[in-house]
Number of protein chains: 4
Amino acid sequence: MVKAGIIGSTGYAGQELVRLLLQHKEAEIVWYGSRSYVDETFGSVFGNMFQIVENVCKGDDLHALSREADVIFTATPQGYLASVIDEEILDNCRVIDLSADFRIKDADVYEKWYGIKHESRQLIPEAAYGLCEINREQVKGARLIANPGCYPTCSVLSIYPLAKNGYIDMKTLVIDAKSGTSGAGRGAKIPNLYCEVNENIKAYGVASHRHTPEIEEQLSYAAGEPVTLNFTPHLVPMNRGILVTAYANLKRGVTAEMVRKAYEDAYQDEYFVRLLPEGTCPETRWVEGSNFVDVCPKVDERTGRVIMMGAMDNITKGAAGQAVQNMNLLFGMDEAEGLRFVPVFP
Amino acid sequence: MVKAGIIGSTGYAGQELVRLLLQHKEAEIVWYGSRSYVDETFGSVFGNMFQIVENVCKGDDLHALSREADVIFTATPQGYLASVIDEEILDNCRVIDLSADFRIKDADVYEKWYGIKHESRQLIPEAAYGLCEINREQVKGARLIANPGCYPTCSVLSIYPLAKNGYIDMKTLVIDAKSGTSGAGRGAKIPNLYCEVNENIKAYGVASHRHTPEIEEQLSYAAGEPVTLNFTPHLVPMNRGILVTAYANLKRGVTAEMVRKAYEDAYQDEYFVRLLPEGTCPETRWVEGSNFVDVCPKVDERTGRVIMMGAMDNITKGAAGQAVQNMNLLFGMDEAEGLRFVPVFP
Amino acid sequence: MVKAGIIGSTGYAGQELVRLLLQHKEAEIVWYGSRSYVDETFGSVFGNMFQIVENVCKGDDLHALSREADVIFTATPQGYLASVIDEEILDNCRVIDLSADFRIKDADVYEKWYGIKHESRQLIPEAAYGLCEINREQVKGARLIANPGCYPTCSVLSIYPLAKNGYIDMKTLVIDAKSGTSGAGRGAKIPNLYCEVNENIKAYGVASHRHTPEIEEQLSYAAGEPVTLNFTPHLVPMNRGILVTAYANLKRGVTAEMVRKAYEDAYQDEYFVRLLPEGTCPETRWVEGSNFVDVCPKVDERTGRVIMMGAMDNITKGAAGQAVQNMNLLFGMDEAEGLRFVPVFP
Amino acid sequence: MVKAGIIGSTGYAGQELVRLLLQHKEAEIVWYGSRSYVDETFGSVFGNMFQIVENVCKGDDLHALSREADVIFTATPQGYLASVIDEEILDNCRVIDLSADFRIKDADVYEKWYGIKHESRQLIPEAAYGLCEINREQVKGARLIANPGCYPTCSVLSIYPLAKNGYIDMKTLVIDAKSGTSGAGRGAKIPNLYCEVNENIKAYGVASHRHTPEIEEQLSYAAGEPVTLNFTPHLVPMNRGILVTAYANLKRGVTAEMVRKAYEDAYQDEYFVRLLPEGTCPETRWVEGSNFVDVCPKVDERTGRVIMMGAMDNITKGAAGQAVQNMNLLFGMDEAEGLRFVPVFP
């Protein structure tokens, strides 16, 4: 039984972690961390857990927790983990970080986009970027996992096969993404109120969203060249789900068949990535509550572009689900344990 | 392994049955019945099942199916099952009917409220009303289970402890219920279009909804007297969930403590009925995708009334989940097998 | 041209007042009051007003404002107006208060339900309760108008004809109400976040909501007897709209025809109250963005009860629209000026 | 008083036309055409119009109507108008067509994308494309107006200033658009049911949507060169609104200031196009129920691209509102008459 502790268990990603770990056969939760709700029963904060979780929330003493747990999940604000992590913690247990602190290899880039000083630069090199389908082997041996961002997970998996095969002109890449509102977090802010989000769609963070350098870095590894791209997220009036619609010029000579085959080759053995039948558009409703990513490319012969689409649940595969998938890899368990949910519809 | 067949598997309740049975350790689906989608892959109709269910849909030959299956679920229009069921089918297998055909013991009442002639009156007496928490023993031995309606399930469980104890004046009972739109079914009708339902709430079937006699009958058994009541359903712009707010005068001498204790006594051993802490209002979001019913009474000293509230997922506990619970009882399995989901939030 | 000032113009009711007054032919706004946004352009706070309102927000100096304005609208927290109003202000201009401060004639009742000390008890007697359809004459001569609460407006108008005619047993009256989320205000609170409200319905303030004594008082006047009732509000995942479903026993001898006629008599000359055709259920979508209240009673012969239904836009007729209607009455203008909107659908 | 007839008045665009014309000072509706609801009261089909419109729906006898009306609006399926229009009708009155029949100058292109034979090719040359801000003069003298599509209106107005000035490389243009569900029409189809649309986002018509050639044609006129582009629409769970996010490479030497100035020059005298302050993202909620289009470009120095954004109400400016604007131009009235609504929020 893997003992897991969660710091930040009362945010949306944190409580999703709780939901998933409760249904995991080989893990148990030993620490429900939450600054806002210390000493309150977890099941009183999230009524779905009533009578299921009777534990009370604790603070965020990472050192104490590291002595009790085999793995710590940190679903915390940017900069938090980097400011407290040390060798002692990493000697005691593994850490899977759902924040951005260890996702970007170049600390200067991190500091520029996040506007935060990185206080544990020395640990960046060893952190594994936990996009399991692509970095499976790296993850297995790591002490510290940087769990990918929600947009980067969906963007990279939607584009990866063509970037890897050199089929698209990376300079022409544009990613237009749409997310449900749980991605905005559980903070009490006017722009996230029901009446402000409902019956509305807007872009935000245009040309400046923090997930941009993370996507660029990962696609650079795939393409074998530096990548600079446009990434535009939008806020959609729904709870869960991310949809990516990405555009790029196909290189000369690349056919629709080659495109299709690149996806088949990349994902034929991947349980969580479902390549949809030709001509199908991914929809977020079909992955809700699950760890699946549905992808499908569409070649437009008129324009010479390929439209790469992907749909995913932002707090499952985009956060907590992928974190559990990483835990499974770390501890040599079945990679899909605790994650074989059938998506809930409607 | 219990072999299950589903007639009407491509409605909302039908596909929920598929979702639940796929995750049930001791059941397997042997027949995906659907008139509208014969020969189409189930996973192409419901994208959440893509790569999970590769079976194709078949027609509704109940006799053939009864020879292949241990249990048949019928999620079909009113009148269908009564028109085709016979002894041969019931000799071959058990039948759990999600329609209203065998819920009401008085066939004349059925015919009056449903406007349909009942073509299998002789089977009505033996059908067990599958509200498991109340009729557990009856269910176990039955050949034919009438799976309760969604509103009746939530209404009866919310009111039962006080009706049973004779604590309320049944003549004063008013049930005001609210349902998500999946309860209206998957038929292509203008009133169910997104733009007609969204940003709207309305009552419907006022003083005439077909679930009224079913609720009255069940509460009559509990109260030991004939019950006539008002039941008013409302359509809410959300996918899933039923909320019941019921009002009745407390009988003289009944205290808030007695009310609370009646619920505790009735439900302390029931896994799926969660009595919320005093002063808490049930919310549909906390039960979404699960088989839980959250209930809580509130006594109003000023008016001498009690407000009985209950929240439930209309297509899980209100249809498919309860059907699986009935299957578990029928076949001597753990009553909660396949139903121990943590509700999904948000 | 009537000069209007608004204190609290950046809440949902306040900005609706702005929307309505901008389209009013005989009024102009001279003061956009808002503590939170002092010195910011109103059109930068509410993008719908961009290039339409270029004024900046001011503070809440009621005395200064009273010298510039003919009428002041206060869309402010409970207790604010009572703490600042004085004779000087009322000598200078008329005041229409959208808070609850002057709605309840018995200050002790106010203080008990609101938990606030009333600091201007001497002004309570002269305040007119601005439910125009019922108190039209009182409103015309008043210095101070207590603009009714949203739930009371819809509840009272839905029930008034039967209470007035003595057709129902007031002791049996139960009001089950449902509101869109704008009624919860624009405060940054977790329970009002999109992901907390969406895909959910719940009751709140059960047996304790502050609008209860206001409804009771107004219905007491209509019925000519003290009224104690149950009022249960529910939060619905939509922006605007209130639906009331009220239940009461008909007195002996009262027929469906008499019920219908009572509504016809009460509202035949009322532009804003639409009595729907027999058998129709009011729906909030049909009144959205307008000052209409749609009502319809339904008699249930089986139970001897009448179900009284009403639908209304909570921030138009339930707040800002009715406030403008009161202004029109106060200044001798056409009562419907600035309020003849066709409801927006879908 | 301009006498207006509407064919197809009971679709979403048709009933919006009714809403707008009812509030227009110089127009009156003389014909409510609707095949589905002949002889039914318009106010019984759309409850928002109850007691406001007491007329009954008539059929679609265009010749009879043309003798009664000064202008006919056709909000009808593709191909209908082209199959019935003739010189007699055009001699009698003006026609504003909300379908696509006369939008595309090359009939072969129309037939290819729409899969319909065009039965009035001879009238295509004289039809004016009714995008008022750009084709104002052409519209004024026309007998037949092709009212633009919803996506083309928002797309063209968002991109026009840069296309016109030659500031962007048209070969790199990608348009990613998002629409509320009213754009899908009022037909009773499963994909448009509440539970299918809610909590979901998807792309559709990828590389094949019929609005593509219309957008390409209009932008070709602006740019002075043939344009081929990608246009991808998405379905958003909301009633109204279109958001366009368009991407193109800036030509060498074009600065952010030049971009800004191009929009200022193009729209400074346009009442309905609001250029938002630098750095602001258009949101559909701010234009709901109005004829405004909010636009704003954002230059990304990193990538050399400009992101052109626009938000609009798809059934007002994207259909009925623009049709009224065209009527105003045709009859020499104030272009904004009947359209000066303040957008409704929330």
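Quantities reported herein were computed from a predicted structural model and do not represent experimental measurements.

Cut-off values and rules
- Residues numbered from 1 in each chain as written.
- Chains lettered and ligands numbered in written order.
- Predicted model: local features only at pLDDT ≥ 70, side-chain atom pairs only at ≥ 80, totals over all residues.
- Heavy atoms only, no water.
- Helix = DSSP H or I, 4+ residues; strand = E, 2+ residues; numbered from the N terminus.
- Rg over C-alpha atoms; globule rule 2.2 N^0.38 Å.
- Buried < 20%, exposed > 50% of the residue type's maximum accessible area, 1.4 Å probe, protein only.
- Contact = heavy atoms within 4.5 Å.
- Pairing = 2+ DSSP bridges.
- Salt bridge = Lys/Arg side-chain N within 4 Å of Asp/Glu carboxyl O.
- Buried area = accessible area lost by both parts, 1.4 Å probe.
- Nonpolar A, V, L, I, M, F, W, Y, C, P; charged D, E, K, R; others polar.
- Least-squares fit on C-alpha atoms with pLDDT ≥ 70 in both.
- pLDDT = per-residue confidence, 0-100.
- Axes fitted to C-alpha atoms, helices over the stretch in contact; angles between N-to-C directions.
- Parallel < 35°, antiparallel > 145°, perpendicular 65-115°, else oblique.
- Left-handed = near helix turned anticlockwise from the far one by under 90°.
- Polar contact = N/O pair within 3.5 Å; in protein donor to acceptor, adjacent residues only side chain to side chain.
- 1 Å grid on protein atoms, 1.4 Å probe; cavity = no way out; pocket = protein on both sides within 12 Å on 5 of 7 lines; lining within 4 Å.
- Points joined across faces, edges and corners; volume = space filled by probe spheres on them.
- Phe/Tyr/Trp six-rings, centres within 6.5 Å; stacked < 30°, edge-to-face > 60°.
- Lys NZ or Arg CZ within 6 Å of the ring centre and 35° of its normal.

Asker: Please explain the overall build of chain A as it appears in this structure.
Answerer: Secondary structure assignment for chain A yields twelve helices and 13 strands. Taking 2.2 N^0.38 as the reference for a compact globule, 346 residues should give roughly 20 Å; the C-alpha atoms of chain A span a radius of gyration of 20 Å, in line with that estimate. A principal-axis box enclosing the C-alpha atoms of chain A has dimensions of 60 × 45 × 40 Å. Every one of the 346 residues in chain A was classed for burial, and the buried ones make up 68%. Taking the contacts inside chain A whose residues are at least 6 apart along the sequence as the reference set, 69% of them involve residues at least 24 apart.

Asker: Would you mind going over the sheet that holds strand β13 (residues 305–312) of chain A with me for this structure?
Answerer: Residues and elements named next belong to chain A. The strand order across the open sheet formed by seven strands is β8-β9-β7-β10-β13-β12-β11, and the pairing between neighbours is mixed. The open sheet is flanked by β8 (202–203) and β11 (273–275), the only strands paired with a single partner. For β8 and strand β9 (residues 230–235), the ladder comprises two bridges, and the chain directions are antiparallel. The residue of β9 that forms the bridge with Ala-203 is His-234.

Asker: Help me understand the pattern of salt bridges in this model?
Answerer: Between side chains of opposite charge, a pair can form when the charged atoms approach closely. A full pass over the atoms with the stated rule returns 112 salt bridges over all chains. One salt bridge connects Asp-176 of chain B with Lys-178 of chain B, and the closest N-O pair in it is separated by 2.8 Å. The exposure class of Asp-176 of chain B is buried, given its relative accessible area of 0%. With a relative accessible area of 0%, Lys-178 of chain B lands in the buried category. Put simply, Asp-313 of chain C and Arg-240 of chain C hold a salt bridge, and the shortest N to O gap is 3.0 Å. You can see Asp-313 of chain C sitting in the loop between β13 (305–312) and α12 (316–330) and its partner Arg-240 of chain C sitting in the loop between β9 (230–235) and β10 (242–249), a full 73 residues away along the chain. Accessibility classification places Asp-313 of chain C together with Arg-240 of chain C in one group, the buried group. Members of the salt-bridge network, linked through shared partners, are Glu-16, Arg-19, Arg-240 and Asp-313 of chain A.

Asker: Would you explain the interface of chain D and chain C in this entry?
Answerer: How big an interface is tends to be stated in terms of accessible area lost as the parts join. Taken together, the contacts link 34 residues of chain D with 35 residues of chain C. Taken over both partners, the interface formed by chain D and chain C buries close to 2900 Å², and the fraction arising from carbon and sulfur atoms is 62%. Our enumeration of links across chain D and chain C arrives at zero salt bridges. Counting residues per element, the side of chain D that touches chain C draws most heavily on helix α1 (residues 12–22) of chain D, at five residues. Taken together, the residues of the side of chain D that touches chain C sort by class into 20 nonpolar, eight polar and six charged.

Asker: Teacher, can you tell me more about the relation of the copies chain D and chain A here?
Answerer: One copy of the chain maps onto the other through a rotation about an axis followed by a shift along the same axis. Here chain D sits on chain A after a turn of 180 degrees about the axis and a move of 0.0 Å along it, with an RMSD of 0.0 Å. Taken together, the rotation and translation describe the operation of a two-fold axis. Minimal C-alpha separation from the rotation axis in chain D is found for Pro-237 of chain D, amounting to 3.3 Å. Both copies contact each other with a shared surface, as 100% of the interface residues of chain D are interface residues in chain A too.

Asker: Hey, could you run me through the confidence of the model for chain A in this one?
Answerer: Low pLDDT marks regions whose predicted coordinates should not be analysed in detail. Looking at chain A, the pLDDT average stands at 98 and 100% of residues meet or exceed 70. What the predictor reports for the complex is a pTM of 0.98 with an ipTM of 0.97.

Asker: Is there a simple way to explain the packing of helix α7 (residues 132–140) of chain C against α12 of chain C in this structure?
Answerer: Packed helix pairs are specified by the crossing angle of their axes together with the interaxial distance, meaning the distance between the axes. Residues and elements named next belong to chain C. α12 packs onto α7 with a crossing angle of 40 degrees between their chain directions and a minimal axis gap of 10 Å. Taken together, α7 and α12 sit at an angle that is classed as oblique. Both α7 and α12 take part in a crossing whose hand is right-handed. Contacts between α7 and α12 involve Cys-132, Glu-133, Arg-136, Val-139 and Lys-140 on the former and, on the latter, Lys-317, Gln-322, Gln-325, Asn-326, Leu-329 and Leu-330. The residue inventory of the contact of α7 with α12, partitioned by class, reads four nonpolar, three polar and four charged.

Asker: Please explain the interface of chain D and chain A as it appears in this structure.
Answerer: Taken together, the contact between chain D and chain A spans 48 residues of the former and 48 residues of the latter. Between chain D and chain A, roughly 4000 Å² of surface is buried when both sides are summed, and carbon and sulfur atoms account for 54% of that area. It is Glu-199, Ile-201 and Arg-302 of chain D in chain D that bury the most area against chain A; as a group they hold 17% of the surface buried on that side. The tally of links between chain D and chain A comes to six salt bridges. The closest approach of N and O atoms between Arg-302 of chain A and Glu-216 of chain D, which form a salt bridge, is 2.5 Å. The tally of links between chain D and chain A comes to 32 residue pairs in polar contact (both at pLDDT 80 or more). When residues in the side of chain D that touches chain A are grouped by element, the largest group, four residues, is from strand β7 (residues 174–179) of chain D. Looking at the side of chain D that touches chain A, its residues break down into 22 nonpolar, eleven polar and 15 charged.

Asker: Sorry, what's going on with empty space enclosed by the protein here?
Answerer: In the structure shown here, the tally under the stated rule is eleven cavities of 30 Å³ or more. There is about 130 Å³ of room inside the largest cavity. The residue makeup of the lining of the largest cavity, split by class, is six nonpolar, four polar and five charged. Its boundaries defined by the atoms lining it, the second largest cavity holds a volume of some 80 Å³. Around the second largest cavity sit Glu-199 of chain A, Glu-199 of chain B, Asn-239, Glu-288, Val-344 and Pro-346 of chain C together with Asn-239, Glu-288, Val-344 and Pro-346 of chain D, which together line it. For the lining of the second largest cavity, the class distribution of residues is four nonpolar, two polar and four charged.

Asker: Sorry, what's going on with the relation of the copies chain D and chain C here?
Answerer: You can overlay chain D on chain C at an RMSD of 0.0 Å; the transform is a turn of 180 degrees with a shift of 0.0 Å along its axis. Both copies contact each other with a shared surface, as 100% of the interface residues of chain D are interface residues in chain C too.

Asker: It is not clear to me how the side chain of Asn-328 of chain D should be interpreted in this structure. Could you clarify?
Answerer: All names here are of chain D. Positionally, Asn-328 belongs in helix α12 (residues 316–330). One polar contact links the side chain of Asn-328 to the main-chain carbonyl oxygen of Glu-335, over a distance of 3.0 Å. Those residues in contact with Asn-328 that sit more than four places away from it in its chain are His-24, Met-333, Asp-334, Glu-335, Ala-336, Glu-337 and Leu-339.

Asker: Can you walk me through the packing of aromatic side chains in this structure?
Answerer: Two descriptors summarise a pair of aromatic rings, namely the distance from one centre to the other and the angle between the planes of the rings. Considering all chains together, one arrives at 50 aromatic pairs over all chains under this definition. These aromatic residues form a ring-pair network of at least three members: Tyr-12, Tyr-32, Phe-42 and Phe-46 of chain A together with Trp-286 and Phe-345 of chain B. Above the face of the Phe-331 of chain B ring, Arg-94 of chain B is positioned so that its terminal group lies 5.8 Å from the ring centre. It is Arg-274 of chain C that lies over the ring of Phe-292 of chain C; its NZ or CZ is 4.2 Å from the centre.

Asker: Looking at this model, I keep getting lost on the side chain of Gln-325 of chain B. Mind explaining?
Answerer: Residue and element names in this part refer to chain B. By the element assignment, Gln-325 lies in helix α12 (residues 316–330). Judged by relative accessible area, which is 0%, Gln-325 ranks as buried. In contact with Gln-325, other than residues within four places in its own chain, are Cys-132, Glu-133, Phe-272, Asn-291, Lys-317, Glu-335 and Leu-339.

Asker: Explain the pairing of strand β3 (residues 71–74) of chain A to me, please; I cannot follow it from the model alone.
Answerer: A regular strand places its side chains so that they alternate between the two faces of the sheet. All names here are of chain A. Residues of β3 alternate between two faces, with Val-71 and Phe-73 on one and Ile-72 and Thr-74 on the opposite face, all of them buried. Looking at chain direction, strand β1 (residues 2–7) and β3 are connected through four bridges and run parallel. Looking across to β3, one finds that Ala-4 is bridged to Val-71. With four bridges connecting them, β3 and strand β4 (residues 94–97) associate as parallel partners. For Val-71, the partnering residue across the bridge sits in β4 and is Arg-94.

Asker: I tried to follow the pairing of strand β12 (residues 293–300) of chain C on my own but got confused; where do I start?
Answerer: Residue and element names in this part refer to chain C. Counting buried residues along β12, seven of its eight residues qualify, which places the element largely inside the surrounding structure. Bridge count between strand β11 (residues 273–275) and β12: three bridges; the pairing is parallel. Looking at β12, one finds that Leu-275 is bridged to Val-295. Bridge analysis of β12 against β13 gives eight bridges, and the strand direction is antiparallel.

Asker: Help me out: how do you make sense of the packing of helix α1 (residues 12–22) of chain B against α12 of chain B in this one?
Answerer: All names here are of chain B. It is at 9 Å that the axes of α1 and α12 come closest, and there the two elements cross at 45 degrees. The orientation of α1 with respect to α12, classified from their angle, is oblique. The hand of the α1/α12 crossing is right-handed. On α12, the residues that touch Ala-13, Glu-16, Leu-17, Arg-19, Leu-20 and Leu-21 of α1 are Thr-316, Ala-319, Ala-320, Gly-321, Ala-323, Val-324 and Met-327. When the residues that make up the contact of α1 with α12 are grouped by side-chain class, the tally is nine nonpolar, two polar and two charged.

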